[in-house]
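Structural characterization, general
The lines below spell out each chain.
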Amino acid sequence: MPLLKISLSHSELPEESCQRLKREGSAILAEETGKSIDFVMVALDFGNSFSFGGDSSLPTAYLEVKNVGSLPPSVTAALSGRLCELLEDELSMSAQRIYLEFQESERHLWGWDGKTFA
């Protein structure tokens, strides 16, 4: 149910970095939302053209976290900190160059396996 989409300005990453971002991103999302890792999806998107603060020369990331159900402020704060730390560690990217968006969805607006979660 939870989805983490990581959009990066990097044109590509080593496979080892991709695997770590997916593995660690999944674990963080599952832990912080209390959802089973079996339903967590992580998508990596490369080669985005970002301008952040008028500067397009530095590495930048935009992360989307989507969830069925609520995302309380304590959860979004924890996710923001942990996901930014992951990108700082793996990509040497400044957290000041990372935006995160959190979205809550009602159960009937999320589908899987030919049905919805309603």
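Because the structure is a prediction, the values reported are computed rather than measured.

Description of the layout of surface pockets
Unoccupied space between atoms shows up once a probe the size of one water molecule is rolled over them. Considering only enclosed or pocket space, the largest pocket measures out at about 170 Å³ in volume. In terms of lining, the largest pocket is formed by M1, P2, L3, D38, F39, V40, M41, W110, G111, W112 and F117. Residue composition of the lining of the largest pocket, grouped by class: 9 nonpolar, 1 polar and 1 charged.

Let's talk about the packing of aromatic side chains
One pair of aromatic rings is described through two measures. These are the centre distance and the angle between the planes. Tallied over the full model, the rule gives 3 aromatic pairs. With 5.1 Å between their ring centres and 80° between their planes, F39 and W112 make a pair best called edge-to-face. Highlighted residues: F39 in the loop between helix 1 (15–33) and strand 2 (41–45) and W112 in strand 5 (residues 111–112), separated in sequence by 73 residues. Overall, the relative accessible area of 33% leaves F39 in the partly exposed class.

Considerations on helix 1
Compared with an ideal rise of 1.5 Å per residue, which puts 19 residues at 27 Å, helix 1 spans 27 Å between its outermost C-alpha atoms and is within 8% of the ideal. Turning to helix 1, its buried residues number three or more, namely S17, C18, L21, G25, S26, I28, L29, A30 and T33. Where helix 1 is buried, its residues meet strand 1 (3–8), strand 2, strand 3 (61–68) and helix 2 (73–91).

Description of the pattern of salt bridges
Tallied over the full model, the rule gives 6 salt bridges. Salt bridges linked by common partners bring E31, E32 and R82 together as one network.

Points about unusual backbone geometry
Despite not being glycine, S92 shows a phi value in the positive range, around 55°. Tracing the backbone through its elements, the reader meets S92 in the loop between helix 2 and strand 4 (98–105).

Re the sheet that holds strand 1
Ordered by their spatial adjacency, 4 strands build an open sheet running 2-1-3-4, and the pairing between neighbours is mixed. Unpaired on one side and paired on the other, strand 2 and strand 4 mark the two borders of the sheet. Ignoring strand direction, the axes of neighbouring strands in this sheet form an average angle of 15°. With 6 bridges joining them, strand 1 and strand 3 adopt antiparallel strand pairing. By the bridge assignment for strand 3, K5 is matched with E64. Lying over the sheet, helix 1 contacts strand 1, strand 2 and strand 3, oriented at roughly 140° with respect to strand 2. Here helix 2 sits on the sheet in contact with strand 1, strand 3 and strand 4, set at roughly 140° to strand 4.

About the criteria used
- Residues numbered from 1 in each chain as written.
- Predicted model: local features only at pLDDT ≥ 70, side-chain atom pairs only at ≥ 80, totals over all residues.
- Heavy atoms only, no water.
- 1 Å grid on protein atoms, 1.4 Å probe; cavity = no way out; pocket = protein on both sides within 12 Å on 5 of 7 lines; lining within 4 Å.
- Points joined across faces, edges and corners; volume = space filled by probe spheres on them.
- Nonpolar A, V, L, I, M, F, W, Y, C, P; charged D, E, K, R; others polar.
- Phe/Tyr/Trp six-rings, centres within 6.5 Å; stacked < 30°, edge-to-face > 60°.
- Helix = DSSP H or I, 4+ residues; strand = E, 2+ residues; numbered from the N terminus.
- Buried < 20%, exposed > 50% of the residue type's maximum accessible area, 1.4 Å probe, protein only.
- Expected span 1.5 Å × (residues − 1).
- Contact = heavy atoms within 4.5 Å.
- Salt bridge = Lys/Arg side-chain N within 4 Å of Asp/Glu carboxyl O.
- Pairing = 2+ DSSP bridges.
- Axes fitted to C-alpha atoms, helices over the stretch in contact; angles between N-to-C directions.

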